[in-house]
Amino acid sequence: MSKAIQRHPKKMHHKAAKAFARLANVQIDQGENLSLAVWAARYMESEDIGVQAENTMAAKKRDLTAFMAWYHNANGHLAIEDWMPRDTQSFLSALEEQHRAPTTINRTLATLRKFARGVYEQPESPLVYGLPTRGVKELVVDEPNAKKLDTREVNRLFKAAERLTM
């Protein structure tokens, strides 16, 4: 993530940030230079588009957009410096209440972790209280049930093994 941000650490990506904010159905003020929307736009611009699948990039954008909308609704602003672990945990809890799949919630947490880490590692990071994803745990996901072989399939496997030893 840091390539684009380090090349232009002071450059505000207002056009992209406003587009991001529109997706989240929130308004950003001209004075919100370091808003969550601006940092999210920077993050998405800096992701290696050629390396990651389109679906992955779309999922990350959806995750950040949903978080931004939730954050604005919960806090009344998009000031990234106020983002704390409590916000991250509350957002994930809201996703659980919406009956989102545990794998979706864990993917969203992974997106937020990578985004937060990228912002936190910047020389002039607005995350003065530390990583806002620190201590937030993934949900436990049940292993999928293994398909059991029926009697015919077991018999075929044994016969194939016998043929190999003859």
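Residues numbered from 1 in each chain as written. Predicted model: local features only at pLDDT ≥ 70, side-chain atom pairs only at ≥ 80, totals over all residues. Heavy atoms only, no water.

### Comments concerning the pattern of salt bridges
Argument step 1. Following the criterion strictly, the structure yields 3 salt bridges and no others.
Argument step 2. Among the ionic pairs, Arg107 bridges to Asp63, the shortest N-O distance being 2.6 Å. Of the two residues, Arg107 sits in helix 6 (residues 102-120) while Asp63 sits in helix 4 (residues 54-75), which places them 44 residues apart along the sequence.
Argument step 3. For Arg107, a relative accessible area of 33% gives the class partly exposed. (Salt bridge = Lys/Arg side-chain N within 4 Å of Asp/Glu carboxyl O. Helix = DSSP H or I, 4+ residues; strand = E, 2+ residues; numbered from the N terminus. Buried < 20%, exposed > 50% of the residue type's maximum accessible area, 1.4 Å probe, protein only.)

### Side note on the packing of aromatic side chains
Argument step 1. Evaluated as defined, the whole model comprises 7 aromatic pairs.
Argument step 2. An angle of 75° between the planes, with centres 5.2 Å apart, marks the rings of Phe67 and Phe91 as edge-to-face. With a gap of 24 residues between them, Phe67 in helix 4 and Phe91 in helix 5 (residues 85-97) connect regions that are remote in the sequence.
Argument step 3. Under the relative-accessibility criterion, Phe67 is labelled buried at 1%.
Argument step 4. Geometrically, the ring pair formed by Trp70 and Phe91 is tilted, given 5.9 Å between the ring centres and 55° between the ring planes. (Phe/Tyr/Trp six-rings, centres within 6.5 Å; stacked < 30°, edge-to-face > 60°.)

### A look at unusual backbone geometry
Argument step 1. A positive phi angle is found at His99, which is not glycine, with a value near 60°.
Argument step 2. Assignment of secondary structure puts His99 in the loop between helix 5 and helix 6.
Argument step 3. With relative accessibility at 73%, the residue His99 sits in the exposed group.

### Examining the packing of helix 3 (residues 36-46) against helix 4
Argument step 1. It is the contact of helix 3 with helix 4, at a shortest axis distance of 11 Å, that shows an interaxial angle of 175°. Relative to helix 4, the element helix 3 lies roughly antiparallel. Contacts between helix 3 and helix 4 involve Leu36, Ala37, Ala40, Tyr43 and Met44 from the first element and Met57, Lys60, Lys61, Leu64, Phe67, Met68 and Tyr71 from the second. (Axes fitted to C-alpha atoms, helices over the stretch in contact; angles between N-to-C directions. Parallel < 35°, antiparallel > 145°, perpendicular 65-115°, else oblique. Contact = heavy atoms within 4.5 Å.)

### A short note on the packing of helix 5 against helix 6
Argument step 1. Where helix 5 contacts helix 6, the axes come no closer than 10 Å and their chain directions differ by 155°. Put simply, helix 5 runs roughly antiparallel to helix 6. Seen along the crossing, helix 5 lies across helix 6 with a hand that is right-handed. Here Thr88, Phe91, Leu92, Leu95 and Glu96 of helix 5 come into contact with helix 6, specifically with Ile105, Thr108, Leu109 and Leu112. (Left-handed = near helix turned anticlockwise from the far one by under 90°.)

### Here's the deal with helix 3
Argument step 1. Judged by how many residues are buried, helix 3 sits mostly within the fold: 10 of 11 residues are covered.
Argument step 2. Along helix 3, the positions that sit buried rather than exposed are Leu36, Ala37, Val38, Trp39, Ala40, Ala41, Arg42, Tyr43, Met44 and Ser46.

### Here's the deal with the side chain of Thr111
Argument step 1. Along the chain, the position of Thr111 falls in helix 6.
Argument step 2. According to the relative accessible area criterion, Thr111 is buried, its value standing at 5%.
Argument step 3. Excluding anything up to four places from it in sequence, Thr111 contacts Tyr43, Lys60, Asp63 and Leu64.

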